[in-house]
Amino acid sequence: MARLNLWRWGVLALAGLYFLVPLAASVVFTVDVPGQGLNVDAYRQILSTPGFGSGLLLSLELAAATIVVVLLLMVPATVALRLDVSRLRPVVEVVCSLPLVVPPIAFVAGIATVLKWGPDYLSRTPLFETFVVIQNQDFPIVLVLAYVVMALPFVYRSLDAGLRAIDVRTLTEAARSCGASRTQALVQAVLPNLRGALLNASFLTLALVLGEFTVAQLLGFTPFAVWIYSVGGSQAQLSVAVSVLSLLVTWALLLSLAVFGGRSRSAAKG
């Protein structure tokens, strides 16, 4: 047992070094100015740099919309797989796993082809306006649709793990026997028991959207990750400082999720 514990601590230490050493090197790069010593001007400039607020706000808006759409799509689907159409589980698993197999560059190339094809063939139809609206620079709906597809593997696995931990059929039948409709049974009986899975799925989607670069860059939009890249071309220290800050914010969200999820489970048990 002592050897096992020692081995575990050794693995954790190596994992910690693997993540902390690059982070520490990045922090040193942002505050160590040759000939001046320690200087935190790179962090002070973040808020005043053009594009920071708009890029971050756009990424947060895209993340919120993506979370809402993917949960509205996947929660009923995964519950239905448990209750009525379990024979379709292999099909859904394959479909939800495809984004892990298809390279992002191929995925965005297909999207770009469709967006270019639309105006050429649909310019005299009402669908032309749809192609224009979904590419609005202020809020590109096309990015939301792309991120929903990219988030499917993570959301499906999170929800599936949560549903495996509860008896969905018993909860639903109990709610229906009390006079609840199918929708009410889902909202009032099933969803409260999926709080942890919903939080996990939401956090993974948030992390995906905040860090996604390829699709947004190639489609010509400027969310937070693309803004960091554009700043890095002329202001390396500022770019790294923003990256460190975004990483710390992501970790803070993860810790908050863990604390909130732990409190929710404790309250449910109590």
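This one's a predicted model, so the numbers in the text were calculated from it and none came from an experiment.

**A look at the overall build of the protein chain**
- Summing up its helical and strand segments, the protein chain has 13 helices and 2 strands in all.
- Burial status across the protein chain gives 34% buried among its 270 residues.
- Taking the contacts inside the protein chain whose residues are at least 6 apart along the sequence as the reference set, 76% of them involve residues at least 24 apart.
- Carbon and sulfur atoms provide 68% of the accessible area of the protein chain, an area that totals close to 16200 Å².

**Focus on the pattern of salt bridges**
- The final tally for this structure, using the stated rule, is 3 salt bridges.
- Where Asp160 meets Arg89, a salt bridge forms, and the shortest distance between an N and an O atom there is 3.0 Å. Taken together, the positions of Asp160 in helix α7 (residues 141-164) and Arg89 in helix α4 (residues 89-101) put the pair 71 residues apart, joining distant regions of the chain. Of the two residues, Asp160 and Arg89, both sit in the buried class.
- Across the salt bridge formed by Asp160 and Arg164, the nearest N and O atoms sit 2.9 Å from each other. Residue Asp160 and its partner Arg164 are located together in helix α7, separated by 4 residues, close to a single helical turn.
- Take Asp160: its relative accessible area is 6%, and that puts it in the buried class.
- Residues joined in a network through salt bridges with shared partners are Arg82, Arg89, Asp160 and Arg164.

**Notes on the environment of Ala189**
- Within the secondary structure layout, Ala189 lies in helix α9 (residues 182-190).
- Beyond its immediate stretch of four places on either side in the chain, Ala189 contacts Leu171, Ala175 and Gln184.

**Some remarks on the packing of aromatic side chains**
- Counted by the stated rule, this structure contains 5 aromatic pairs.
- Judged by centre distance (5.3 Å) and plane angle (90 degrees), the rings of Tyr18 and Phe19 are edge-to-face.
- Under the relative-accessibility criterion, Phe19 is labelled exposed at 52%.
- Chaining the aromatic ring pairs together yields one cluster made of Phe52, Phe224 and Trp227.

**Describing the side chain of Thr66**
- In this fold, Thr66 is placed in helix α3 (residues 52-83).
- What makes Thr66 buried here is its relative accessible area of 0%.
- Those residues within four positions of Thr66 in sequence are excluded, and the remaining contacts are Val144, Tyr147, Val148, Thr205 and Val209.

**A closer look at a nonpolar patch on the surface**
- A grouping of Val94, Leu98, Leu100, Val101, Val102, Phe154 and Leu204 is seen on the molecular surface, where their side chains present a nonpolar patch of about 610 Å² in accessible area.
- Along the chain, Val101 falls in helix α4.
- For Val101, a relative accessible area of 63% puts it in the exposed group.

**Quick notes on the confidence of the model for the protein chain**
- Residues with a pLDDT of 70 or more make up 90% of the protein chain, whose mean pLDDT is 82.
- Averaged pLDDT values for the elements of the protein chain fall to 70 in helix α13 (residues 236-269) and rise to 92 in α7.

**Side note on the nonpolar core**
- Within the largest apolar cluster, 49 residues are counted, with the highest numbers of intra-cluster contacts made by Leu71, Met74, Val79, Leu143, Val155, Val190 and Leu219.
- Elements represented by at least two residues in this core include exactly α3, α5 (104-122), α7, α9, α10 (195-211) and α11 (214-219).
- Per-element accounting of this core gives the leading share, 13 residues, to α7.
- Filtering out sequence-adjacent residues up to four positions away, Val79 remains in contact with Leu163, Val168, Leu186 and Val190.

**Let's talk about the packing of α3 against α10**
- The N-to-C vectors of α3 and α10 enclose an angle of 140 degrees; their axes lie 9 Å apart at closest approach. What the angle tells us is that α3 and α10 run oblique. For the crossing formed where α3 meets α10, the hand is right-handed. Within the contact between the two elements, α3 uses Ser59, Leu60, Leu62, Ala63, Thr66, Ile67, Val70, Leu71 and Val75 and α10 uses Leu198, Ala201, Ser202, Thr205, Leu206, Val209 and Leu210.
- Residues belonging to the contact of α3 with α10 are distributed by class as follows: 12 nonpolar, 4 polar and no charged.

The rules behind the values
- Residues numbered from 1 in each chain as written.
- Predicted model: local features only at pLDDT ≥ 70, side-chain atom pairs only at ≥ 80, totals over all residues.
- Heavy atoms only, no water.
- Helix = DSSP H or I, 4+ residues; strand = E, 2+ residues; numbered from the N terminus.
- Buried < 20%, exposed > 50% of the residue type's maximum accessible area, 1.4 Å probe, protein only.
- Contact = heavy atoms within 4.5 Å.
- Areas by Shrake-Rupley, 256 points an atom, 1.4 Å probe, with all protein chains shown as cover.
- Salt bridge = Lys/Arg side-chain N within 4 Å of Asp/Glu carboxyl O.
- Phe/Tyr/Trp six-rings, centres within 6.5 Å; stacked < 30°, edge-to-face > 60°.
- Patch = residues over 30% accessible without salt bridge, like charges linked within 9 Å, V, L, I, M, F, W, Y side chains within 5 Å.
- pLDDT = per-residue confidence, 0-100.
- Core = buried A, V, L, I, M, F, W, Y, C linked by side-chain atoms within 4.5 Å.
- Axes fitted to C-alpha atoms, helices over the stretch in contact; angles between N-to-C directions.
- Parallel < 35°, antiparallel > 145°, perpendicular 65-115°, else oblique.
- Left-handed = near helix turned anticlockwise from the far one by under 90°.
- Nonpolar A, V, L, I, M, F, W, Y, C, P; charged D, E, K, R; others polar.

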